[in-house]
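Each chain, letter by letter, is given below.
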Amino acid sequence: MSTFDEILQWFETLPASFAFLLALPFVIAFVSLLKDAVGRRSGKAGRGGGEKGRPGGHGELKILL
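Residues numbered from 1 in each chain as written. Predicted model: local features only at pLDDT ≥ 70, side-chain atom pairs only at ≥ 80, totals over all residues. Heavy atoms only, no water.

### Some remarks on the overall build of the protein
Each helix and strand in the protein was counted, giving two helices and zero strands. The buried share of the protein, reckoned over its 65 residues, is 12%. Counting only carbon and sulfur atoms, one obtains 66% of the accessible surface of the protein, whose full area is about 5,900 Å². (Helix = DSSP H or I, 4+ residues; strand = E, 2+ residues; numbered from the N terminus. Buried < 20%, exposed > 50% of the residue type's maximum accessible area, 1.4 Å probe, protein only. Areas by Shrake-Rupley, 256 points an atom, 1.4 Å probe, with all protein chains shown as cover.)

### Remarks on a nonpolar patch on the surface
Taken together, Phe 20, Leu 21, Leu 24, Val 27, Ile 28, Phe 30, Val 31, Leu 34 and Val 38 make up a surface patch of nonpolar side chains, about 850 Å² in accessible area. Tracing the backbone through its elements, the reader meets Val 31 in helix α2 (residues 16-45). (Patch = residues over 30% accessible without salt bridge, like charges linked within 9 Å, V, L, I, M, F, W, Y side chains within 5 Å. Salt bridge = Lys/Arg side-chain N within 4 Å of Asp/Glu carboxyl O.)

### Description of the confidence of the model for the protein
Within the protein, residue pLDDT values average 77, and 66% of them lie at 70 or more. Here residues 45-51 is a poorly scored stretch, pLDDT under 50, and it has four contacts once near neighbours within four places are set aside; other chains count. (pLDDT = per-residue confidence, 0-100. Contact = heavy atoms within 4.5 Å.)

### Re the pattern of salt bridges
Inspection of every chain in the model, using the stated rule, returns one salt bridge. Residue Arg 40 pairs with Asp 36 through a salt bridge whose shortest N-O separation is 3.1 Å. Residue Arg 40 and its partner Asp 36 are located together in helix α2, separated by four residues, close to a single helical turn. Judged by its relative accessible area of 37%, Asp 36 is partly exposed.

Take a look at the structure:
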């Protein structure tokens, strides 16, 4: 049995509310990294076409604004 399997078995034994609170920082970190990656990709694509002064043209997620 690998260490990962042991951790998963331990995680399954935790009460649901505590498991949620324990996993929440990892979910937030993943979403933050995903937003940063999307922002960098969008920012690189929009730098040359005169979008510098336009609001939302710096790789921001326009749907969330």
